[in-house]
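# Residue-level structural notes
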Amino acid sequence: MLKKTYFLFILFFISNLFSQNPSLSNTATVSVFTCGRGEQLYSTFGHTAIRIKDVKNQLDVVYNYGAFDFNTENFYLKFVKGDLQYFINATTYDQFIYEYQYEGREVIEQTLALSQPKKQELFERLNASLQSVERYYTYKFIDRNCTTMVADKVNQSIGQPIIKKVDDTSITYREVLYPYFGNYFWYNLGINIIFGAKTDHKAEQLFLPIELLNSLDKASVDGKPLVSKKETLVQSVKKTHDFSFINSIYFVALILLILLATRKLFVYKSYLFVTGLLGLFLCLVGLYSLHEEVLWNYNALLFNPLFLILPFLKINARKKLLWVCLGMLAIYLIVIVTKPYLVLMIPFIIAHLLMMFKLMSEKNQ
């Protein structure tokens, strides 16, 4: 209760302060925070925020475009659909930085060499966002997130799009994201299954915090570097991840091997039926969701919705359908052979092949 009271007091104080839109002093600084990755899925890629510091006005505030409310009605349905509203909030510097110190997540600050009018303009833009309907925005994984919103606000205040992606644009979004899940097998598997064709496009859009950090380092205004100072405010605490058999591809391979070892057609049909449900979900979520990242999901060729009707067909009809499924699996192999997550799919590909061949050998009673 005490924490809630303190939080409400801070919000009330900041809201009243911003409603006056004070003029920043000549010593005010504007900086961008790049925060390291966390252990939770939503913090896997890190975070971006803007700090406005003005000692003369006793102001030290961090603006964060990555806020969302877990208590939102139908939270998960909205997240899947792609109309979940994220919003900007503002906290004191101490309050913001404490979280990252507590979690041992790195925070790098890049101070921007902006003119006084540009600092004031950015300050007023952020406050306007905080106090208007512009406070809320529809989150998009690649196209609109805490990083892109910060980059857009800075570019708008400068008056030209000087912040552009400088990282490798010859690789795909999927290749950019893949290393982030090195120690999180189930996240890695789930993300790569649900993501569709868009993530295999060239990663030309700046969308990750580390990409913005690199872009700011290279950006310049009127021939002068945009970043005047760069320092690490919070050091990263390296965390070791011990090997976990359950959190590895070996666990999946073992489960599939056990299913194959039963040599029971009923088991094979049941397993393929379940994977068919997954395939149906992959197809329907692309129609339901506004997230372009889940559209045209070719993983449905592996987790094939046609498997749903296999148990209900007569043997001859089932064999014909299995030939169709094998053809679709062959197409899948051609598509996935150059993808970074091929190794994750190999156990499923082998298991599906063996099960389908076994079902095709079933004899009429």
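See the structure printed just above.
Read across the open sheet, the 7 strands follow the order E6-E4-E3-E2-E1-E5-E9; overall the sheet is antiparallel. The strands lining the two open edges of the sheet, one partner per strand, are strand E6 (136-138) and strand E9 (227-234). The mean inter-strand angle of the sheet, taken between neighbouring strand axes irrespective of direction, is 25°. Direction of pairing for strand E4 (residues 85-92) relative to E6: antiparallel, over a ladder of 3 bridges. Note that in E6 the partner of Gln-85 across the bridge is Thr-138. Those strands touched by helix H3 (residues 93-103) are strand E1 (29-35), strand E2 (47-54), strand E3 (59-67), E4, strand E5 (107-112) and E9, and its axis lies near 105° from that of E4.

Pairing is possible between side chains that carry opposite charge, provided their charged atoms lie close to one another. Inspection of the entire model under this criterion finds 11 salt bridges. A salt bridge links Arg-105 to Glu-103; its shortest N-O distance comes to 3.1 Å. On the basis of relative accessible area, Glu-103 is assigned to the partly exposed category, the value being 29%. Of the charged contacts in the structure, one is a salt bridge between Glu-211 and Lys-165, with a shortest N-O distance of 2.9 Å. Here Glu-211, found in helix H8 (residues 209-218), pairs with Lys-165, found in the loop between helix H5 (146-158) and helix H6 (173-177); they are 46 residues apart in sequence, far enough to count as distant. Lys-165 matches Glu-211 in its accessibility class, with the two residues each being buried.

With that out of the way, let us pick up empty space enclosed by the protein. Throughout the structure, instances matching the rule amount to 1 cavity of 30 Å³ or more. The calculated volume of the largest cavity comes to roughly 30 Å³. Lining the largest cavity, in full, are Arg-174, Leu-177, Tyr-178, Phe-181, Asn-188, Ile-191, Asn-192 and Phe-195. Mapped by element, the contributors of at least two residues to the lining of the largest cavity are H6 and helix H7 (185-194). For the lining of the largest cavity, the element with the highest residue contribution is H7, accounting for 3 residues. The residue inventory of the lining of the largest cavity, partitioned by class, reads 5 nonpolar, 2 polar and 1 charged.

How each quantity is defined
Residues numbered from 1 in each chain as written. Predicted model: local features only at pLDDT ≥ 70, side-chain atom pairs only at ≥ 80, totals over all residues. Heavy atoms only, no water. Pairing = 2+ DSSP bridges. Helix = DSSP H or I, 4+ residues; strand = E, 2+ residues; numbered from the N terminus. Axes fitted to C-alpha atoms, helices over the stretch in contact; angles between N-to-C directions. Contact = heavy atoms within 4.5 Å. Salt bridge = Lys/Arg side-chain N within 4 Å of Asp/Glu carboxyl O. Buried < 20%, exposed > 50% of the residue type's maximum accessible area, 1.4 Å probe, protein only. 1 Å grid on protein atoms, 1.4 Å probe; cavity = no way out; pocket = protein on both sides within 12 Å on 5 of 7 lines; lining within 4 Å. Points joined across faces, edges and corners; volume = space filled by probe spheres on them. Nonpolar A, V, L, I, M, F, W, Y, C, P; charged D, E, K, R; others polar.

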